[in-house]
Amino acid sequence: MLEEKYKKLQKILCDMETAVVAFSGGVDSTFLLKAALDTLGSENVLAVTADSETYPLEELEEAKKLAVLLGARHEVIETSELSIPGYSENTPNRCYFCKKNLFEHLIPMMEDHGYKNIVFGLIADDMGEHRPGIQAAKEFNVRGPLQEADLYKSEIRELSHDFGLPTWDKPSFACLSSRIAYGEQITIEKLRKIDQSEKFIRNIGIRQVRVRTHDALARIEVEARDMYHLMAHRIDIERKLKSLGFSFVTIDLSGYRSGSMNQLLEKQHYAVK
């Protein structure tokens with residue numbers, strides 16, 4: 001089954017002939033870049049990484065190293081989500097503005113370099129979640145080959161492991177803005193505070209962490225297996241996060257889960273009904 005899905009992915013990419021890959025250095029975009037390079041050849045693929053306020057410097061450096069490892073042509077462009085009208089207000093369709101801005105940058109690059117397609121790391125799991133960025137992709141004819149091949153995150157990790165990619169077990173990552181509760185203004189100060197908080201917790205040995213913010217409250221999500229370790233360092237963590245400006249520091253007993261802020265949208269939906 002998995003082999004068939006990968007063959008389908010190769011067919012999709014082969015039909016594209018050339019592609020610009022929106023490359024963040026995460027599990028999905030790294031696998032997509034690898035598949036595109038193997039299928040189309042390095043001369044027909046361009047990886048592009050957008051450096052912005054919501055993208056940690058360490059992630060950018062890792063993306064650069066991965067591109068070199070894979071032998072990909074790689075360009076880094078400067079973008080600014082906070083300058084996009086409607087983005088910093090942090091409405092539920094925030095990701096639409098982000099992806100729209102990204103694709104508006106990539107289209108001229110595609111045309112100038114003579115490529116025929118833009119692709120990004122959309123996967124099958126994303127189709128059942130709140131993903132406003134998908135609408136932007138449709139509007140700009142940007143494709144998600146992994147999703148088209150019906151590949152799920154667990155399958156992408158398995159294939160990445162088989163191909164020897166160092167990202168096969170990399171923790172999932174999303175832009176720092178996803179940590180801020182909808183309706184709460186996004187600022188550069190908040191993004192830096194979140195980045196520093198998560199970096200501190202990772203440095204004590206916890207790989208998968210989210211520091212979600214609700215005004216002055218920091219809600220920490222880690223995987224269930226890491227909660228004891230987190231509690232063992234709770235005093236240091238509380239002291240650090242409060243020094244960064246949080247008034248309250250809490251641990252979410254439900255643990256880490258992708259897109260947990262969307263639960264607020266679900267509650268609002270049911271409340272309206």
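Residues numbered from 1 in each chain as written. Predicted model: local features only at pLDDT ≥ 70, side-chain atom pairs only at ≥ 80, totals over all residues. Heavy atoms only, no water.

## Topic: the pairing of strand 3 (residues 73-78)
One ladder, built from six bridges, connects strand 2 (residues 45-51) with strand 3; its direction is parallel. Bridge pairing in strand 3 links Val 48 to Glu 75. Between strand 2 and its parallel partner strand 3, the chain crosses via helix 3 (residues 57-70), and the hand of that crossover is right-handed. (Pairing = 2+ DSSP bridges. Helix = DSSP H or I, 4+ residues; strand = E, 2+ residues; numbered from the N terminus. Right-handed = clockwise from strand over helix to strand, strands pointing away.)

## Here's the deal with the pattern of salt bridges
Counted by the stated rule, this structure contains 26 salt bridges. Salt bridges linked by common partners bring Arg 212, Arg 219, Glu 221, Asp 252 and Arg 257 together as one network. (Salt bridge = Lys/Arg side-chain N within 4 Å of Asp/Glu carboxyl O.)

## Quick look at the sheet that holds strand 6 (residues 217-222)
Across a sheet, strands are paired by hydrogen bonds formed along the backbone, either parallel or antiparallel in direction. If you walk across this open sheet you meet the three strands as 5-6-7, and the pairing is mixed. Edge positions in the sheet fall to strand 5 (209-214) and strand 7 (248-251), since each has one partner strand and no second. Pairs of neighbouring strands in the sheet enclose a mean axial angle of 25 degrees, with direction left out of account. Helix-sheet contacts for helix 8 (residues 188-202) involve strand 5 and strand 6, and the interaxial angle to strand 5 is about 145 degrees. (Axes fitted to C-alpha atoms, helices over the stretch in contact; angles between N-to-C directions. Contact = heavy atoms within 4.5 Å.)

## Some remarks on the UniProt feature "domain: NAD/GMP synthase" (unreviewed entry) in the protein chain
The sites that carry the UniProt feature "domain: NAD/GMP synthase" (unreviewed entry) are, in the present numbering, residues 15-81. Taken end to end, residues 15-81 has its terminal C-alpha atoms 33 Å apart, with 45% of it in helix and 25% in strand. (UniProt positions renumbered as here; feature names shortened; annotations may be inferred.)

## Description of the packing of aromatic side chains
Under the criterion given, the structure shown has six aromatic pairs. When the ring of Tyr 6 is compared with that of Phe 163, the centres are 5.2 Å apart and the planes differ by 65 degrees; the resulting orientation is edge-to-face. Within this pair, whereas Tyr 6 is found in helix 1 (residues 2-16), its partner Phe 163 is found in the loop between helix 7 (153-162) and helix 8, the two being separated by 157 residues in sequence. Among the residues examined, Phe 163 registers a relative accessible area of 33% and is labelled partly exposed. Summarising the aromatic geometry, the rings of Phe 103 and Phe 120 are spaced 5.7 Å apart at their centres and angled 75 degrees between planes, so their arrangement reads as edge-to-face. Linking Phe 103 in helix 4 (residues 94-113) with Phe 120 in the loop between strand 4 (118-119) and helix 5 (133-139), this pair joins segments that are 17 residues apart in sequence. A single burial state applies to Phe 103 and to Phe 120, both of which are buried. Each residue in the set Tyr 6, Phe 31 and Phe 163 is aromatic and connected to the rest through ring pairs, giving one cluster. (Phe/Tyr/Trp six-rings, centres within 6.5 Å; stacked < 30°, edge-to-face > 60°. Buried < 20%, exposed > 50% of the residue type's maximum accessible area, 1.4 Å probe, protein only.)

## Quick word on helix 4
Between its first and last C-alpha atoms helix 4 spans 30 Å; for 20 residues at 1.5 Å apiece the expected length is 28 Å, and the two agree. If you check which residues of helix 4 are buried, you get Arg 94, Tyr 96, Cys 98, Asn 101, Leu 102, Phe 103, Leu 106, Ile 107, Met 109 and Met 110. Where helix 4 is buried, its residues meet strand 1 (19-22), strand 2, strand 3, strand 4 and helix 5. One or two positions beyond helix 4, positive phi appears at Gly 114, with a value near 80 degrees. (Expected span 1.5 Å × (residues − 1).)

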